[in-house]
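One letter stands for each residue in the lines below.
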Amino acid sequence: MTGLQKTVGLCLGFIAVVVGLFVYSVVRTPVLSEEQLREQGVFVLPRPREISPIELMTHKGEPFTLENLQGHWTFAFFGFTNCPDICPTSMAVMGQARRALGDDAFQGLLVTVDPERDTAEALAAYATTFAPDFLGVTGELE
């Protein structure tokens with residue numbers, strides 16, 4: 001191999017490295033700090049807090065504990081079945097989001113704030129109106 005061939009090979013190698021670095025700089029996803037994200041209009045959630053143990057019952061009569069919240073997103077709405085306007089509107093929006101995102105996107109949950117009147121049957125009829133797999137949960141008033 002002559003000196004000219006080595007020089008041409010090194011120049012081609014250098015050009016390949018420069019082109020590769022340029023392509024990488026264009027297609028890479030930049031890692032931004034929290035402050036840079038906020039400047040871009042991104043809402044950064046704080047670190048999640050640990051949830052205290054819960055003991056609720058689903059409208060199916062099954063226990064609902066922290067384990068039911070693991071491994072997927074859960075959208076919880078705190079309301080009651082006799083609510084005339086806010087509750088059905090909010091649950092309908094949650095049902096629309098569920099249909100738009102797909103069946104496995106999240107678990108919808110209605111946590112009653114009126115456990116004395118919201119029976120399992122009432123919760124089942126109400127929650128599943130908005131999506132067949134939404135759950136109604138209840139517990140002691142305290």
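Structural notes, computed from the coordinates. Everything numeric in this text was worked out from a predicted model, so none of it was measured. (Residues numbered from 1 in each chain as written. Predicted model: local features only at pLDDT ≥ 70, side-chain atom pairs only at ≥ 80, totals over all residues. Heavy atoms only, no water.)

1. Digging into the environment of Glu 116
Logical step 1: By the secondary structure assignment, Glu 116 is in the loop between strand E4 (106–112) and helix H4 (120–130).
Logical step 2: With a relative accessible area of 67%, Glu 116 lands in the exposed category. (Helix = DSSP H or I, 4+ residues; strand = E, 2+ residues; numbered from the N terminus. Buried < 20%, exposed > 50% of the residue type's maximum accessible area, 1.4 Å probe, protein only.)

2. Things to note about the side chain of Thr 138
Logical step 1: Of note, Thr 138 is situated in strand E5 (residues 135–138).
Logical step 2: In this structure, Thr 138 is in contact with Leu 56, Met 57, Thr 112, Pro 115, Asp 118 and Leu 123, ignoring residues within four places of it in sequence. (Contact = heavy atoms within 4.5 Å.)

3. Notes on the pattern of salt bridges
Logical step 1: Counted according to the given criterion, the structure contains three salt bridges.
Logical step 2: Notably, a salt bridge pairs Asp 133 with Arg 98, separated by 2.3 Å at the nearest N-O pair. Residue Asp 133 is located in the loop between H4 and E5, and its partner Arg 98 is located in helix H3 (residues 86–101); the two are separated by 35 residues in the primary sequence.
Logical step 3: By relative accessible area, Asp 133 is classed as partly exposed at 41%.
Logical step 4: Here Arg 98 falls in the buried class, since its relative accessible area comes to 6%.
Logical step 5: For the salt bridge of Asp 114 with Arg 117, the shortest nitrogen-to-oxygen distance reads 2.7 Å.
Logical step 6: A relative accessible area of 14% means that Asp 114 is categorised as buried. (Salt bridge = Lys/Arg side-chain N within 4 Å of Asp/Glu carboxyl O.)

4. What about the packing of aromatic side chains?
Logical step 1: According to the stated counting rule, one finds three aromatic pairs in the structure shown.
Logical step 2: For the ring pair Tyr 126 and Phe 130, a centre distance of 5.3 Å and an interplane angle of 70° mean the geometry is edge-to-face. In this pair, Tyr 126 and Phe 130 both sit in helix H4, four residues apart, roughly one turn of the helix. Accessibility assignment for this pair places Tyr 126 and Phe 130 in one class, buried. (Phe/Tyr/Trp six-rings, centres within 6.5 Å; stacked < 30°, edge-to-face > 60°.)

5. Overview of the side chain of Asp 118
Logical step 1: Within the secondary structure, Asp 118 sits in the loop between E4 and H4.
Logical step 2: Buried charge Asp 118 goes without a salt bridge, the closest partner of opposite sign being Arg 117 at 6.1 Å. (Lys, Arg positive; Asp, Glu negative; His and termini not counted.)

6. What about the sheet that holds strand E1 (residues 56–58)?
Logical step 1: Read from one edge to the other, the open sheet built from five strands follows the order E2-E1-E5-E4-E3, with strand pairing classed as mixed. For this open sheet the edge positions go to strand E2 (63–64) and strand E3 (73–79), each flanked by a neighbour on one side alone.
Logical step 2: Pairing of E3 with E4 involves seven bridges; the strand directions are parallel. The residue of E4 that forms the bridge with Trp 73 is Phe 106.
Logical step 3: Against the sheet, H3 engages E3 and E4, with an angle of about 165° to E4.
Logical step 4: Helix-sheet contacts for H4 involve E4 and E5, and the interaxial angle to E5 is about 145°. (Pairing = 2+ DSSP bridges. Axes fitted to C-alpha atoms, helices over the stretch in contact; angles between N-to-C directions.)

7. Overview of the packing of H3 against H4
Logical step 1: Packing of H3 against H4 brings their axes to within 7 Å, and their N-to-C directions diverge by 50°. It follows that H3 is oblique to H4 by the angle criterion. Along the contact surface, H3 presents Cys 87, Pro 88, Met 91, Ala 92, Gly 95 and Arg 99, while H4 presents Tyr 126, Ala 127 and Phe 130.
Logical step 2: Looking at side-chain class alone, the contact of H3 with H4 contains seven nonpolar, one polar and one charged residues. (Parallel < 35°, antiparallel > 145°, perpendicular 65-115°, else oblique. Nonpolar A, V, L, I, M, F, W, Y, C, P; charged D, E, K, R; others polar.)

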